[in-house]
Amino acid sequence: MANKVLVLGEVREGVLRNVSFEAIAAAKQIADGGEVVGVLLGDSVANLASELIAYGADRVVTVEHPHLKSYTSDGYSQAFLAVCEQEKPEGIIFGHTSLGKDLSPKLASRLSSGLISDVTEIEGSGEGAVYIRPIYSGKAFEKVKVKDGIVFVTIRPNNIKPLEKNASRTGDVASISVDVQNLRTIIKDVVRKATTGVDLSEAKIVVAGGRGVKSAEGFEPLKELANLLGGAVGASRGACDADYCDYSLQIGQTGKVVTPDLYIAAGISGAIQHLAGMSNSKVIVAINKDPEANIFKVADYGIVGDLFEVIPMLIEEFKALKVNS
Amino acid sequence: MNIFVLVKRTFDTEEKIVISNGKIQDDGAEFIINPYDEYAIEEAIQIRDAKGGKVTVVTIGGEDAEKQLRTALAMGADEAVLINTEDDLDKLDQYSAAYILAEYLKDKEVDLILAGNVAIDGGTGQVGPRVADLLGINYVTTITDLEIDGTNVKIVRDIEGDSEIIETALPLLVTAQQGLNEPRYPSLPGIMKAKKKPLAELELDDLDIDEEDVEVKIEVVDIYLPPQKAAGRVLEGELSQQVKELVNLLHSEAKVI
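Summarised in this report is the structure supplied together with it. Every chain is numbered independently, its residues counted from 1 as its sequence is written. Each chain is given a letter, starting from A, and each ligand a number, starting from 1, according to the order in which they appear as written. At least 70 in pLDDT is required for a residue's local features to be given in this predicted model, at least 80 for side-chain atom pairs to be given and counted, and no such filter applies to totals for whole chains, interfaces and linings, which use all residues. Side-chain measures were taken over the full set of non-hydrogen atoms in the model, leaving aside hydrogen atoms and water.

So, about the overall build of chain A. Each helix and strand counted, chain A has nine helices and 18 strands in total. For a compact globule of 325 residues, the expected C-alpha radius of gyration is about 20 Å, and chain A comes in at 21 Å, within 12% of that figure. Each principal axis of the C-alpha atoms in chain A carries an extent, and together these give about 60 × 40 × 40 Å. Using a 1.4 Å probe on the protein chains alone, a residue whose accessible area is under 20% of its type maximum counts as buried, one over 50% counts as exposed, and one in between counts as partly exposed. Every one of the 325 residues in chain A was classed for burial, and the buried ones make up 61%. The criterion used for residue contact is that any of the two residues' heavy atoms lie within 4.5 Å. If you take every contact in chain A between residues at least 6 apart in sequence, the share linking residues at least 24 apart comes to 64%. For chain A, the exposed surface amounts to about 12,100 Å²; the carbon and sulfur share of it is 47%. In this count, Lys and Arg are taken as positive residues and Asp and Glu as negative ones, while His and the chain termini are left out. A charge is said to be at NZ when it belongs to Lys, at CZ for Arg, at CG for Asp and at CD for Glu. Chain A carries 34 positive and 40 negative side-chain charges, and their two centres are separated by 3 Å. Elements are defined by DSSP. Helices are runs of H or I of four residues or more, strands are runs of E of two residues or more, and each kind is numbered from the N terminus. We take the radius of gyration over the C-alpha atoms and set the globule estimate at 2.2 Å times the residue count to the 0.38 power. With residues, only the protein chains shown are counted as cover, and all accessible areas are computed by Shrake-Rupley using a 1.4 Å probe.

Okay, the environment of Pro221(A) next. Residues and elements named next belong to chain A. One can find Pro221 in helix α5 (residues 220-229). Between the C-alpha atoms of Pro221 and Ile311, which are 90 residues apart in sequence, the distance is 6.6 Å. Aside from chain neighbours lying at most four places away, what touches Pro221 is Phe308, Ile311 and Ile315.

This paragraph deals with the packing of helix α3 (residues 94-105) of chain B against helix α4 (residues 127-135) of chain B. Residues and elements named next belong to chain B. Axes here mean lines fitted to C-alpha atoms, for a helix over just the part in contact, with angles spanning 0 to 180 degrees between N-to-C directions. Two elements in contact, α3 and α4, have axes whose closest approach is 9 Å; the angle formed by their N-to-C orientations is 45°. Here α3 is positioned oblique relative to α4, judged by the angle of their axes. Crossing angle aside, the handedness with which α3 passes α4 is right-handed. Where α3 abuts α4, its residues Gln94, Tyr95, Ala97, Ala98, Tyr99, Leu101, Ala102 and Leu105 lie against Val127, Arg130, Val131, Leu134 and Leu135. Each angle gets one of four labels, with under 35 degrees taken as roughly parallel, over 145 as roughly antiparallel, 65 to 115 as roughly perpendicular, and the rest as oblique. Crossing chirality is assigned from the near helix's rotation relative to the far helix, an anticlockwise turn below a right angle marking it left-handed and a clockwise turn marking it right-handed.

Each Phe, Tyr or Trp ring, with Trp reduced to its six-membered ring, pairs with another whose centre is within 6.5 Å; inter-plane angles below 30 degrees give stacked pairs, above 60 give edge-to-face pairs, and intermediate values give tilted ones. Evaluation of the coordinates by the stated rule reveals nine aromatic pairs over all chains. Ring centres of Phe94(A) and Phe152(A) lie 5.3 Å apart, and the angle between their planes is 80°; on these two criteria the pair is classed as edge-to-face. With Phe94(A) in strand β6 (residues 91-95) and Phe152(A) in strand β11 (residues 151-155), the pair connects residues that are 58 residues apart, well separated along the chain. As far as burial versus exposure is concerned, Phe94(A) and Phe152(A) are alike and both buried. Ring geometry for Tyr36(B) and Tyr39(B): centres 6.3 Å apart, planes at 50°, overall tilted. Remark: Tyr39(B) and Tyr36(B) occur in helix α1 (residues 35-51); sequence separation between them is three residues, near one turn of the helix. In this pair, the class of Tyr36(B) matches that of Tyr39(B), namely buried. Members of the aromatic cluster, each reached through a chain of ring pairs, are Phe80(A), Phe94(A) and Phe152(A). If you follow Arg9(B) out to its NZ or CZ, it ends over the ring of Phe31(B), 3.6 Å from the centre. A ring is scored as having a charge over it whenever the NZ atom of a lysine or the CZ atom of an arginine sits within 6 Å of its centre and within 35 degrees of its normal. Over the face of the ring belonging to Tyr95(B) we find Lys217(B), whose NZ or CZ atom lies 4.7 Å from the ring centre.

What follows is about α1(B). In an α-helix, one full turn covers 3.6 residues, which means residues spaced three or four apart are oriented alike. Residue and element names in this part refer to chain B. Expected span of a helix, by definition, is 1.5 Å for each gap between consecutive residues, and there is one gap fewer than residues. The first and last C-alpha atoms of α1 sit 25 Å apart over 17 residues, in line with the 24 Å expected at 1.5 Å per residue. Along α1, 12 of the 17 residues are buried, which leaves the element largely enclosed by surrounding structure. Within α1, burial applies to Pro35, Tyr36, Asp37, Tyr39, Ala40, Ile41, Glu42, Glu43, Ala44, Ile45, Ile47 and Arg48.

Structural measurements only, silent on function.
Structure below.
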């Protein structure tokens with residue numbers, strides 16, 4: 001029984017990320033009737049507290065400081081540890097995002113605790129909870145339990161269902177002041193490269209291209225489709241190695257592991273290393289000229305054909321669907 | 001520059017996973033250096049070649065990991081250390097691995113530590129930042145560019161597809177993201193030389209670590225394969241009809257659009 005579980009509300013460009021709402025749902029399950037406390041860190045974030053409460057947090061603690069404007073492991077760990085000091089949580093949940101992956105190991109080290117990373121499902125509740133996480137990039141899964149110390153978990157975006165948003169929920173919002181100092185890292189600039197503005201790991205829809213895309217220009221129709229569907233563009237190692245796109249788009253055992261609702265694989269043969277990164281997607285569509293391509297073995301729906309014919313047709317059909325619905 | 005690289009021996013990315021008696025079978029499997037650690041080794045070698053110094057590769061594992069250490073030496077690392085826990089520990093988690101590595105590194109006057117940002121087997125990405133924390137040094141994860149000028153360090157960091165430009169200083173631990181460099185293949189002379197390079201083997205006793213210091217905080221209770229996906233449907237007919245049908249299926253059957 002975890003009496004109190006802290007959830008980090010992750011803010012990106014002034015907006016709370018979905019994974020934080022998913023983390024609240026996970027925290028409720030672990031807390032088993034105990035308290036779920038949202039934590040907001042930043043230079044001006046208190047206005048977001050009500051949204052965490054609407055998604056199920058019982059109350060919210062904020063730490064605001066100019067040095068928390070950009071994420072740094074030093075700044076955020078000082079602030080979060082100050083919250084831990086006050087709250088003495090028995091559980092902590094973060095999203096398994098760029099920020100969560102960077103910050104959680106440092107905090108776990110500070111707290112001398114274990115850390116169960118990249119959890120996709122939680123079975124049971126309270127002390128008996130078992131955490132399921134992919135290993136070998138999803139080629140297998142393991143069930144993990146906490147043996148000693150607090151429950152510290154990062155959850156993979158898009159896997160645990162958030163609670164229904166309810167704006168009538170109320171809860172206390174308190175701030176603590178922390179003298180955030182001695183940051184050893186200075187963020188000089190952030191260069192936006194993500195193609196559609198939708199983060200690959202959180203995207204509900206991913207349109208991915210492989211060697212069959214043939215060139216950097218060949219990704220244009222894929223980007224158009226992804227934009228139309230509000231999704232993100234991904235790629236296989238083959239496409240990245242051939243310089244058709246940036247490595248940051250790579251999906252696979254080396255690269256990102258994604259679990260969107262819909263994964264459209266265009267011109268991707270389906271090497272084991274790629275399948276590891278996407279085969280747990282809910283629905284997979286494969287488009288490939290080669291009917292023997294491995295990708296058809298994991299696809300729910302397949303079209304044997306040239307992606308440069310199929311993708312433009314798909315764009316037209318989706319546009320028509322949008323108009324009609 | 002006193003440079004250390006943390007490496008891990010992992011299954012080859014092309015290997016299928018087979019489980020029997022609740023354990024992953026490794027008989028006959030091909031093993032490699034974790035691909036992200038290869039970027040770390042390459043970067044370390046390039047920095048040493050430019051600035052002088054020494055590159056030491058360190059791993060925790062059993063006798064078998066010697067092969068991967070020799071590969072790192074053949075790529076150009078100067079020394080290797082195998083912390084052999086085979087006889088002492090049957091369980092290791094990220095907490096214990098970081099503890100062991102930090103105990104080894106704490107008196108080494110480290111300038112720079114490199115590691116992969118994640119191992120492709122366990123996939124937690126915890127050990128690097130944990131080691132940095134235990135040593136009291138700063139860390140930057142998922143880097144795609146690294147420039148060192150004296151003790152000043154300029155880094156480009158991948159954050160979910162965007163790039164963050166960072167300034168920090170040595171001593172430092174960084175974890176490598178794909179795109180940092182192109183790891184070299186060991187050359188034949190490199191392989192010959194590697195056989196004579198120092199490879200030290202240490203056990204927990206040599207590091208004054210008691211088994212109870214490294215008791216795991218989390219424990220694995222089961223390992224299993226994901227359910228086999230039923231064969232999907234390959235659509236038929238005119239291409240334009242197939243596309244119409246697909247959109248219809250995604251909308252009304254799969255309900256993802």
